[in-house]
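Chains, contacts and geometry: an overview
This is what each chain is made of:
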Amino acid sequence: MEQSYHEQLIEQRRHLHQYPEVGWTEFETTWFITQRLQKWGCKVYLGHQVIDKDSIRGRNENWVKEAIDRAKAHQVPEDFLLKTDELTGCVGVLDTGREGPVIALRFDIDALPVQETDAPEHFPNQMGFRSKRDGFMHACGHDCHTSIGLTVARWVADHQDQLRGKIKIVFQPAEEGSRGARTIAASGLVDDADYFFASHIGMQAKYGEVILDPYGFLCGSKFDVTFIGRSAHLGADPHKGRNALAAACSATLQLLGIARHGEGMSRVNVGTMHAGRARNAIPDCASIEIDVRGETMAINDYMCEQARNIFEGCAKSYSVGLKVVDQGTVCDLQNDHELVELLKRCAQKVQAIKTIRTRSDFGGSEDAAILARHVQSKGGKSAFFVVGANHLAGHHQPEFDVNEEALDVGFEMYTNILKEICLMS
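Here the structure is a predicted model, which means the values were calculated and not measured. (Residues numbered from 1 in each chain as written. Predicted model: local features only at pLDDT ≥ 70, side-chain atom pairs only at ≥ 80, totals over all residues. Heavy atoms only, no water.)

Brief notes about the overall build of the protein
Regarding its fold elements, the protein presents 12 helices and 12 strands. The C-alpha radius of gyration computed for the protein amounts to 23 Å, which stays within 12% of the reference 22 Å derived for 425 residues, consistent with globular compactness. Each principal axis of the C-alpha distribution contributes one length, and for the protein these read about 80 × 50 × 45 Å. Put simply, the protein has 425 residues, and 56% of those count as buried. Long-range pairs, those at least 24 residues apart, make up 84% of the contacts in the protein with a sequence separation of at least 6. Summed over its atoms, the accessible surface of the protein is roughly 17,800 Å², and 47% of this surface lies on carbon and sulfur atoms. For the protein, the distance from the average position of its 46 positive side-chain charges to the average position of its 58 negative side-chain charges is 3 Å. (Helix = DSSP H or I, 4+ residues; strand = E, 2+ residues; numbered from the N terminus. Rg over C-alpha atoms; globule rule 2.2 N^0.38 Å. Buried < 20%, exposed > 50% of the residue type's maximum accessible area, 1.4 Å probe, protein only. Contact = heavy atoms within 4.5 Å. Areas by Shrake-Rupley, 256 points an atom, 1.4 Å probe, with all protein chains shown as cover. Lys, Arg positive; Asp, Glu negative; His and termini not counted. Charge placed at Lys NZ, Arg CZ, Asp CG, Glu CD.)

The structure is reproduced here in C-alpha cells:
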C-alpha cells in the first residue's frame with residue numbers, strides 16, 4: 001500500500017476524532033467528507049437526495065439547530081448548509097463511464113454521547129487528538145470507518161481508468177440507535193446496487209483477524225415512552241395527583257420481567273428514566289427509554305407486543321396519559337455465500353491478516369443490515385464483515401481506542417473487493 005494512503009487514513013481519522021457529532025447532527029462531518037469527495041471528482045448527493053424525511057426516527061430538533069449554529073461558527077459555508085436541507089450524511093458516486101456492476105459501500109459517521117477519558121496513557125491524549133467536545137466522542141470506531149471510506153474514494157479516483165461500473169460510497173448518519181439506514185434505503189439511492197458491502201472495526205476480532213460471515217445480528221426496536229400524569233401537593237392534595245413516576249416504575253419492572261422467547265435470543269432493557277420536580281410534589285411526567293431485541297423479526301415483534309401491552313396497562317392502572325415514540329427498528333442480516341467466498345480471496349491478499357474466521361457470533365445489532373436486506377430485496381447481493389483491531393476497552397466506553405494499523409487492513413479489504421468486481425480484465 002502506498003504510504004500516502006496510510007498517511008491519509010491516519011490524518012483523517014485523527015481530525016474526525018476531535019470533532020464528534022451524534023446522529024442527525026453531523027453537519028461538520030458531512031462538510032469535511034463532501035470537500036474531499038469533490039476534490040477526487042465524485043458526484044456528491046446531499047440532503048433529501050440521500051435521506052427520506054418520512055423515514056426519520058429519533059431526531060432531536062434542538063440538537064440539530066445547535067449543530068447547524070456550531071457548524072456556521074466553525075466556518076462551514078451557509079450555502080452548503082442550505083443544500084443539506086438540515087439533513088446529514090452524503091453519498092459520493094464515481095461512474096467510470098464503462099459498463100459494469102453498481103457497488104455500494106457503506107461507512108457510518110456518527111459519534112456517541114460519551115465523555116472521553118482524560119487518562120494520560122489514552123493514545124488520543126498522548127498524540128493530541130482527543131475529542132474537543134465535552135460529553136461526546138467517537139467511542140465505536142466510526143471515525144475510522146469514515147476515514148477508510150474517504151481513502152477508498154481517493155483510490156477509486158486514482159484507478160478510475162482501470163475500473164468499470166459505478167461505485168457508490170455511502171456515508172451514513174445516525175447508525176447508533178439504528179436510525180439512519182432506513183432513511184437511505186427509502187431514498188432509493190441504492191436500489192440499483194448489484195453489490196453491497198459494509199464492515200465494522202474491532203468488535204470481537206483482534207488485530208490480524210478478519211471475520212467474513214458473522215451471524216447473530218439481533219433485530220431490535222427502540223421506544224421513548226412518556227407517562228403524563230397530574231401534579232399535586234403531597235400533604236394537602238394527594239388525591240388530586242396522578243403519579244406518572246409510579247407508572248414508569250411499574251412499567252420498568254414489568255418490562256424486565258417479560259418471559260424470554262423459547263425459539264431464540266430475546267433482550268429487553270430500560271436504559272434511562274427521568275421524572276419529578278420536587279420531593280413533596282407528585283410527579284406529573286415520567287419518561288423511559290426502552291430497547292428490545294430478538295434473534296429474528298418474529299421474536300422481536302413478540303417483544304414489542306409485550307412491551308406495548310405493558311405501556312398501555314400501566315398507563316390505565318395509574319390513570320395517566322401515554323405517549324410512545326418509535327425510535328427505529330433494525331433487522332437481522334444474512335451474507336450471500338458468493339460474497340463470503342469473495343471476501344476470503346480478498347483477505348488472503350492482505351499481508352497483515354493472519355487469521356481468517358468465517359463464522360462468529362456478532363451478538364448485537366447493526367444498522368447496515370437494513371441496507372443489506374434492501375439491496376437483497378432488489379435482487380442484489382450483500383455482505384458484512386469485521387476487521388479486527390486491538391482495543392483496551394470495549395465499544396461505547398470512555399477509554400475506547402483502536403490501533404491505527406487496523407485502518408490499513410480495512411482499506412486494503414475494500415480496494416481488494418473493488419479489484420475483484422470492478423477491475424477490467
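On we go.
Details of the packing of aromatic side chains
The relation between two aromatic rings is expressed through the spacing of the ring centres and the mutual angle of the planes. Taken as a whole and assessed by the stated rule, the structure comprises seven aromatic pairs. Relative to Y414, the ring of F385 lies with its centre 5.3 Å away and its plane at 50°, an arrangement referred to as tilted. In this pair, F385 is assigned in strand β12 (residues 381-387) and Y414 in helix α12 (residues 405-422), connecting sequence segments 29 residues apart. Judged on exposure class, the residue F385 and its partner Y414 are both buried. Taken together, the ring pairs connect F107, F171, F385 and Y414 into an aromatic cluster. For R133, the ring lying beneath its charged end belongs to F136, and the centroid distance is 4.2 Å. (Phe/Tyr/Trp six-rings, centres within 6.5 Å; stacked < 30°, edge-to-face > 60°. Lys NZ or Arg CZ within 6 Å of the ring centre and 35° of its normal.)

With respect to the environment of G235
When you line up the elements, G235 lands in the loop between β7 (219-228) and α8 (244-256). For the pair G235 and I282, spaced 47 residues apart in sequence, the C-alpha to C-alpha distance is 10.0 Å.

Focus on the sheet that holds strand β8 (residues 266-275)
Across the sheet, four strands lie side by side as β8-β9-β7-β10; this open sheet has antiparallel pairing. With one partner strand each, in any of the chains shown, β8 and β10 (321-330) form the two edges of the open sheet. Put simply, the sheet's adjacent strands are angled 15° from each other on average, direction ignored. With 10 bridges connecting them, β7 and strand β9 (residues 285-294) associate as antiparallel partners. The residue of β9 that forms the bridge with G220 is R293. (Pairing = 2+ DSSP bridges. Axes fitted to C-alpha atoms, helices over the stretch in contact; angles between N-to-C directions.)

As for the packing of helix α1 (residues 3-18) against α12
Look at α1 against α12: their axes get within 10 Å of each other, and the N-to-C directions meet at 120°. The pairing of α1 with α12 is recorded here as oblique in orientation. For the element pair α1 and α12, the recorded crossing hand is right-handed. Contacts from Y5, H6, L9 and R13 in α1 reach L407, D408 and F411 in α12. (Parallel < 35°, antiparallel > 145°, perpendicular 65-115°, else oblique. Left-handed = near helix turned anticlockwise from the far one by under 90°.)

Brief notes about the nonpolar core
With 103 residues, the main nonpolar core has F197 and M413 as its most contacted residues. V225, A248, V292 and F311 belong to the second largest nonpolar core, which has 23 residues in total. (Core = buried A, V, L, I, M, F, W, Y, C linked by side-chain atoms within 4.5 Å.)

Points about the layout of surface pockets
Rolled over the atoms, a probe with the dimensions of a water molecule shows which regions are left empty. The computed volume of the largest pocket comes to approximately 1,600 Å³. Residue lining of the largest pocket: 50 residues in total, with E176, G177, R179, K222 and E289 positioned closest to the centre. Top contributing element to the lining of the largest pocket by residue count: β9, with six residues. Partitioning the lining of the largest pocket into residue classes produces 16 nonpolar, 20 polar and 14 charged. For the second largest pocket, the calculated volume is near 280 Å³. Together, 14 residues line the second largest pocket, and E121, H122, F123, L392 and D401 are the ones closest to its centre. Taken together, the residues of the lining of the second largest pocket break down into five nonpolar, five polar and four charged. (1 Å grid on protein atoms, 1.4 Å probe; cavity = no way out; pocket = protein on both sides within 12 Å on 5 of 7 lines; lining within 4 Å. Points joined across faces, edges and corners; volume = space filled by probe spheres on them. Nonpolar A, V, L, I, M, F, W, Y, C, P; charged D, E, K, R; others polar.)

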